[in-house]
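One-letter residues, chain by chain:
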Amino acid sequence: MSPNNLQAQHVVTAVIVAHDGAAWIPRATEALVNQTRPVQRVVGVDTGSRDRSGAMLTGALGRAAVFGMDRDTGYGAAVHQALRHRAAVTHVPSAAGAPGEQTEWVWLLHDDCEPEPDALERLLLGAQEVPAAAVLGPKVMDWSDRDVLLEAGIGTDRAGRRITGIEPREVDQGQHDGDRDVLAVGSAGMLVRRDVWSQVGGFDPGMRLYREDVDFCWRVHLIALSVMSAVKW
């Protein structure tokens with residue numbers, strides 16, 4: 001499917017949450033705005049940064065798309081508020097000749113994410129190929145060494161601890177390539193259908209970073225939808 005068809009059939013709202021992320025934000029926002037399949041909406045949240053994160057988000061995304069929250073705000077609470085922001089609910093007209101109804105998606109990003117130019121396009125292609133997939137996540141690589149794997153889906157052990165199945169400093173040789181069902185994907189780069197987000201209540205605001213994503217994906221499984229690890233970051 002061409003990027004034009006993906007543009008017509010899907011509406012994507014990107015949410016980027018920053019917390020003392022000035023060292024990474026320029027590359028993160030540049031990667032976002034240079035996607036081969038652009039997002040239709042974007043919201044930036046600065047959670048009380050003590051550096052220039054808020055100003056940098058505003059400079060990259062525009063004042064109307066950025067707001068601030070308290071420093072002790074968790075990631076889940078920041079995303080909840082972002083999706084209530086007017087920039088996240090502006091009307092996106094249907095493209096002329098687009099078949100059927102458009103599907104709305106939320107693309108979650110951290111301030112230290114630098115997605116590959118075709119990351120969103122490939123995530124949407126994965127969603128197109130597997131209609132039961134309500135949540136998709138990328139194969140995540142190390143920021144400083146793009147040959148090193150960090151995540152390709154998430155599981156838990158018997159004690160409920162988060163595990164990735166990736167060895168320390170494991171080099172990517174294609175061993176985790178291909179769309180596959182997983183228990184969960186991380187919030188960094190997660191693409192989720194917006195109706196499913198609303199149906200299961202989104203992230204639990206009481207959970208801190210690195211716990212809310214597994215809990216959310218578990219609840220998605222409970223309504224008989226799939227979570228997939230899909231593409232290289």
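In what follows, the accompanying structure is described.

Parameters and conventions
Residues numbered from 1 in each chain as written. Predicted model: local features only at pLDDT ≥ 70, side-chain atom pairs only at ≥ 80, totals over all residues. Heavy atoms only, no water. Helix = DSSP H or I, 4+ residues; strand = E, 2+ residues; numbered from the N terminus. Rg over C-alpha atoms; globule rule 2.2 N^0.38 Å. Buried < 20%, exposed > 50% of the residue type's maximum accessible area, 1.4 Å probe, protein only. Contact = heavy atoms within 4.5 Å. Phe/Tyr/Trp six-rings, centres within 6.5 Å; stacked < 30°, edge-to-face > 60°. Lys NZ or Arg CZ within 6 Å of the ring centre and 35° of its normal. Pairing = 2+ DSSP bridges. Right-handed = clockwise from strand over helix to strand, strands pointing away. Salt bridge = Lys/Arg side-chain N within 4 Å of Asp/Glu carboxyl O. Patch = residues over 30% accessible without salt bridge, like charges linked within 9 Å, V, L, I, M, F, W, Y side chains within 5 Å. Areas by Shrake-Rupley, 256 points an atom, 1.4 Å probe, with all protein chains shown as cover.

A tally of regular secondary structure across the chain gives seven helices and 11 strands. Over its C-alpha atoms the chain spans a radius of gyration of 17 Å, differing by no more than 12% from the 17 Å that the globule rule assigns to 233 residues. Principal-axis analysis of the C-alpha atoms places the extent of the chain at approximately 45 × 45 × 30 Å. Counting over 233 residues, the chain shows a buried share of 51%. Of all intrachain contacts in the chain linking residues separated by at least 6 positions in sequence, the fraction that spans at least 24 positions is 75%.

Evaluated as defined, the whole model comprises four aromatic pairs. Note on Tyr75 and Phe203: the rings are 6.2 Å apart at their centroids and 40° apart in plane angle, and the pair reads as tilted. Here Phe203 lies in the loop between helix 6 (194-200) and helix 7 (212-222) and Tyr75 lies in helix 4 (residues 75-82), a separation of 128 residues in the sequence. Residue classification places Phe203 among the buried positions, given a relative accessible area of 0%. Arranged with centres 4.9 Å apart and planes meeting at 65°, the rings of Trp197 and Phe203 form a pair that is edge-to-face. Across the pair, Phe203 and Trp197 agree in class, each one buried. An aromatic cluster of at least three residues, connected via ring pairs, comprises Tyr75, Trp197, Phe203 and Phe216. We note Arg146 situated over the ring of Trp143; from NZ or CZ to the ring centre the distance is 5.7 Å.

Moving on to the pairing of strand 1 (residues 10-18). Remember that side chains alternate between the two faces of the sheet whenever the strand is regular. With nine of nine residues buried, strand 1 is to be regarded as a mostly interior element. What you see with strand 1 is no split at all: His10, Val12, Ala14, Ile16 and Ala18 on one side and Val11, Thr13, Val15 and Val17 on the other are buried throughout. Bridge count for strand 1 against strand 4 (residues 103-110) is eight bridges, and the pairing is parallel. The residue of strand 4 that forms the bridge with His10 is Thr103. Pairing between strand 1 and strand 2 (residues 41-47): six bridges, direction parallel. Bridging across to strand 2, Ile16 finds its partner in Gly44. In this fold, strand 1 hands off to helix 2 (residues 25-33), which returns the chain to strand 2; that crossover is right-handed.

The next subject is the pattern of salt bridges. Counting across every chain of the model gives 12 salt bridges. In this structure, Asp157 and Arg161 form a salt bridge, with 2.8 Å as the shortest nitrogen-oxygen distance. Among the residues examined, Arg161 registers a relative accessible area of 57% and is labelled exposed. Here Asp195 ties to Arg193 by a salt bridge, and the two come within 3.0 Å at their closest N and O atoms.

On to a nonpolar patch on the surface, then. On the surface, Trp218, Leu222 and Ile223 cluster together into a nonpolar patch covering about 330 Å² of accessible area. As for its placement among the helices and strands, Trp218 is situated in helix 7. Take Trp218: its relative accessible area is 49%, and that puts it in the partly exposed class.

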